[in-house]
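# Geometric and topological summary
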Amino acid sequence: MKKLLLAAVLLLALAAGWSSYKEHLPPEVVKNIEQQTAGKSLGKDLLPEDTKGLLRIFNVEKEIRAKMSNPNWVKIKDIPLSMQQAIISVEDSRFYQHGTFDINGILRAILVNIQAGEVVEGGSTITQQLAKNLFLTQEQTAARKFKEGIYGILLESNFSKEEILEIYLNTIYFGSGAYGIKAAAATYFQITPDKLTMAQSTMLAGLPAAPSAYSPLVNMTVAKKRQAAVLETMVKNGFIGPQAAKDILNEQIF
C-alpha cells in the first residue's frame, strides 16, 4: 500500500513539475521518457535507465530508518526540551502547526526581503531543510526546490513531527566538523546531549544558520549576539520570559 502511495506522489509531482524539471535533464533522457510515455501514465516501469535516480524516493523511509538504528543516534527523549524549543524557535516557529510548507513563513520572508532590499530571510521549514540536507545539494535552482518539496512531502507522510525533529537534530551541521547534536555537545562542551543547559542549548541552536561565523570557538562576541537573537525568538514565541532570557544570556557556557 505504501509503495502505491509513494508512486501516486511521484506521478502527481511529475505531472505538476515535468515541464520545469525536464529542462535540467539531458536532452536524450527527456526524449527517451517522452517517447516511452506517449499516451501513457508515467509509472515506475516506464522510467528509462538514466532516470533511476528519481526512484530513490521509494526508499526514503528505509534509508532514514537505517540511520536511526545507528548506536550513536540520539533519541528525541534524550534531547533536552530547551534544545528542541530553541531550534524550533529560531528555525521554524510554526513547526508543529504546518506540514511540509509554511505559507505564512513564505509570505513573511517575502515581505522581510522586500523591505530589506535583499534576501535576508528564507521561508524553508525544518522539514524542507531536512529534505535538502539528506537528499539534495545546496544549489539554488527551481529543480532543486521542486525535488526538495517532493522529499519533504514524503518525510511528513512517513514520519511524525517528533521523528522529523529528531532526525533534523541528529543530522544538521553545527560547525567545527560536528554533524548532529551528539557530536555538537561533545565538540563544544565535552558532554552528552542530555546534559546540555539552557544556555548551551541556545548557543548551539544559533549555529546551523552560519556555523563558522557563530561558533563560540571562533568569536565569542559574535556567538553571544547570535545566542541573544535565539533567546529573543524564544521570548517572542512564548517559550521563556524576558527576565529568564537575560539570566540565560549571562550564564557561562564553558
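Scroll up to find the structure.
Residues numbered from 1 in each chain as written. Predicted model: local features only at pLDDT ≥ 70, side-chain atom pairs only at ≥ 80, totals over all residues. Heavy atoms only, no water.

Next up on the list: the overall build of the protein chain. Along the protein chain, the regular secondary structure elements total 13 helices and zero strands. Counting helices and strands in the order they occur from the N terminus, the protein chain gives α-α-α-α-α-α-α-α-α-α-α-α-α. The 254 residues of the protein chain split such that 45% are buried. Counting only contacts in the protein chain whose residues sit at least 6 apart along the sequence, the fraction spanning at least 24 positions is 61%. Element-wise, carbon and sulfur atoms account for 56% of the exposed surface of the protein chain, whose accessible area totals about 13200 Å². (Helix = DSSP H or I, 4+ residues; strand = E, 2+ residues; numbered from the N terminus. Buried < 20%, exposed > 50% of the residue type's maximum accessible area, 1.4 Å probe, protein only. Contact = heavy atoms within 4.5 Å. Areas by Shrake-Rupley, 256 points an atom, 1.4 Å probe, with all protein chains shown as cover.)

To continue, consider the packing of aromatic side chains. Each aromatic ring pair is described using two quantities: the centre-to-centre distance and the angle formed by the ring planes. Enumeration according to the criterion identifies five aromatic pairs in this entry. For the pair Phe-189 and Phe-254, a centre-to-centre distance of 5.6 Å together with 45° between the ring planes defines the contact as tilted. With a gap of 65 residues between them, Phe-189 in helix H9 (residues 181-189) and Phe-254 in the segment after helix H13 (242-249) connect regions that are remote in the sequence. The exposure class assigned to Phe-189 is buried, which follows from its relative accessible area of 7%. Aromatic ring contacts, followed pair by pair, group Tyr-188, Phe-189 and Phe-254 into a single cluster. Above the face of the Phe-95 ring, Lys-161 is positioned so that its terminal group lies 4.3 Å from the ring centre. (Phe/Tyr/Trp six-rings, centres within 6.5 Å; stacked < 30°, edge-to-face > 60°. Lys NZ or Arg CZ within 6 Å of the ring centre and 35° of its normal.)

This next bit is on the side chain of Glu-166. Tracing the backbone through its elements, the reader meets Glu-166 in helix H8 (residues 161-171). No salt bridge is formed by the buried Glu-166, whose closest oppositely charged neighbour, Lys-75, lies at an N-O distance of 4.1 Å. Here Glu-166 is in contact with Met-68, Trp-73, Val-74, Lys-75 and Ile-76, once residues within four sequence places are set aside. (Lys, Arg positive; Asp, Glu negative; His and termini not counted. Salt bridge = Lys/Arg side-chain N within 4 Å of Asp/Glu carboxyl O.)

Topologically, His-98 is positioned in the loop between helix H4 (81-91) and helix H5 (103-116). Residue His-98 is classed as buried on the basis of its relative accessible area, which comes to 9%. Discounting residues that sit within four places of it in the chain, His-98 has contacts with Asp-92, Thr-125 and Lys-161.

On to the nonpolar core. By size, the foremost hydrophobic cluster in this structure holds 51 residues, and its most contacted members are Ile-64, Met-83, Phe-174 and Leu-204. Beyond its immediate chain neighbours, meaning those up to four positions away, Leu-204 contacts Met-83, Phe-174, Ile-181, Ala-184, Ala-185, Tyr-188, Phe-189 and Leu-196. (Core = buried A, V, L, I, M, F, W, Y, C linked by side-chain atoms within 4.5 Å.)

Attention now goes to the pattern of salt bridges. Here the structure, examined in full by the defined rule, presents eight salt bridges. Between Arg-65 and Glu-61 there is a salt bridge, with its nearest N and O atoms 3.4 Å apart. Separated by four residues within a single helix, Arg-65 and Glu-61 lie in helix H3 (residues 60-68), roughly one turn from each other. The exposure class of Arg-65 is partly exposed, given its relative accessible area of 32%. The network of salt bridges with shared partners includes Glu-61, Arg-65 and Glu-163.

Glancing now at unusual backbone geometry. Despite not being glycine, Ser-176 has its phi angle at roughly 55°, a positive value. Its location among the elements puts Ser-176 in the loop between H8 and H9. Residue class for Ser-176 comes out partly exposed when judged on its relative accessible area of 45%. One non-glycine residue, Gln-190, lies in positive phi territory at about 55°.

An α-helical turn contains 3.6 residues, so a residue and the one three or four places further along point in the same direction. Restricting attention to buried positions, one finds in H9 the residues Ile-181, Ala-184, Ala-185, Tyr-188 and Phe-189. Projected onto a plane normal to the axis of H9, the buried residues spread over an arc of 95° and lie on a single side. Taken together, the buried residues of H9 touch H4, H8 and helix H10 (198-205). Where H9 terminates, the next one or two residues include Gln-190, which has phi positive at roughly 55°. (Arc of directions from axis to C-beta.)

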